[in-house]
Amino acid sequence: MLVVTRFVLDGTDEGFVERAHTALGALAACPGYLRGRLARAFDDPTHWSIVTEWQSVGAYRRALSAFDVKMYATPLLAQSLDEPSAFEELAEVAPGGALTVTASDRA
């Protein structure tokens, strides 16, 4: 499961990077967390993303209830763009590998 959370800053990243690092640390301590990244757009440095990968949507939702996530990640995530952020992975190709297709969990 992939979570893509996008931000548009007002031209300054004052304190944002440190808060994003702290948020990633809080998320990383949760069961089911696989990896996470903080990224900035090359073409417009006011656009940022936090991308995390989780074992399941349940693991991600449970992580949002963790105390440290509520303290350090939720306030930052509340400043993100209001758009869908949780995605189920439906296809994958490793370098030089074959395409692997996964059925949707949606009913």
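For the structure itself, consult the block above.
Being a predicted model, the structure only gives us computed values, none of them experimental. Within each chain, residues carry numbers counting from 1 in the order of the written sequence. Local features are withheld for residues below a pLDDT of 70 in this predicted model, meaning they are given only at 70 or higher, and side-chain atom pairs are given and counted only at 80 or more; totals for whole chains, interfaces and linings count all residues. Side-chain metrics in this entry use all non-hydrogen atoms of the structure; hydrogen atoms and water are not considered.

Caption draft 1: Spatial organisation of helix α1 (residues 16-28). The first and last C-alpha atoms of α1 sit 18 Å apart over 13 residues, in line with the 18 Å expected at 1.5 Å per residue. Here's how the labels work: a residue is buried when its accessible area is under 20% of the maximum for its type, exposed when over 50%, partly exposed in between, all with a 1.4 Å probe on protein chains only. Labels follow the DSSP assignment, with helices taken as runs of H or I lasting at least four residues and strands as runs of E lasting at least two, numbered in each case from the N terminus. Taken as a whole, α1 has its buried residues at Phe-16, Val-17, Ala-20, Ala-23, Leu-24, Ala-26 and Leu-27. Contacts from the buried residues of α1 go to β1 (2-8), β2 (33-40), β3 (47-54) and α3 (67-77). A helix is expected to span 1.5 Å multiplied by its residue count minus one. Note on contacts: a residue pair qualifies if any of its non-hydrogen atoms lie within 4.5 Å across the two residues.

Caption draft 2: Molecular detail of the pattern of salt bridges. Here a salt bridge means any side-chain nitrogen of Lys or Arg lying within 4 Å of a carboxyl oxygen belonging to Asp or Glu. Inspection of the entire model under this criterion finds three salt bridges. Where Arg-35 meets Glu-53, a salt bridge forms, and the shortest distance between an N and an O atom there is 2.9 Å. Here Glu-53 lies in strand β3 and Arg-35 lies in strand β2, a separation of 18 residues in the sequence. Given the relative accessible area of 18%, Glu-53 is considered buried. In this structure, Arg-37 engages Glu-53 in a salt bridge whose closest nitrogen and oxygen atoms are separated by 3.6 Å. Residue Arg-37 is located in strand β2, and its partner Glu-53 is located in strand β3; the two are separated by 16 residues in the primary sequence.

Caption draft 3: Quick look at empty space enclosed by the protein. A pocket here means an open set of points on a 1 Å grid, computed over the protein atoms alone, that has protein on both sides within 12 Å along at least five of seven lines. A cavity is instead a set of points where a 1.4 Å probe fits but cannot get out; residues with an atom within 4 Å of a point line either one. Grid points are joined across faces, edges and corners, and a volume is the space filled by probe spheres set on the points. Considering all chains together, one arrives at one cavity of 30 Å³ or more under this definition. Its volume calculated, the largest cavity comes out at about 40 Å³. Around the largest cavity, the lining residues are Val-3, Thr-5, Leu-27, Ile-50, Thr-52, Trp-54, Tyr-60 and Leu-77. Contributions of two or more residues to the lining of the largest cavity are made by β1 and β3.

Caption draft 4: Molecular detail of α3. Among all positions of α3, only Val-69, Ala-73, Leu-76 and Leu-77 are buried. The arc enclosing the buried residues of α3, seen along the axis, measures out at 95°, which places them on a common side. For α3, the elements touching its buried residues are β1, α1, β3 and α2 (57-63). This arc corresponds to the set of directions leading from the helix axis out to the C-beta atoms.

Caption draft 5: Representation of the layout of surface pockets in the model. Estimates place the volume of the largest pocket at around 350 Å³. Going through the elements one at a time, β4 (86-87) and β5 (91-93) are the ones with two or more residues in the lining of the largest pocket. Classifying every residue of the lining of the largest pocket by side-chain character gives seven nonpolar, two polar and five charged. Counted as a void, the second largest pocket has a volume near 180 Å³. In this structure, the second largest pocket is lined by 14 residues; those nearest its centre are Thr-5, Tyr-60, Leu-77, Ser-80 and Ser-85. Take the lining of the second largest pocket: its biggest share by element is four residues, from β1. Side-chain classes are defined by residue name, with Ala, Val, Leu, Ile, Met, Phe, Trp, Tyr, Cys and Pro counting as nonpolar, Asp, Glu, Lys and Arg as charged, and the others, Gly among them, as polar. By residue class, the composition of the lining of the second largest pocket is seven nonpolar, four polar and three charged.

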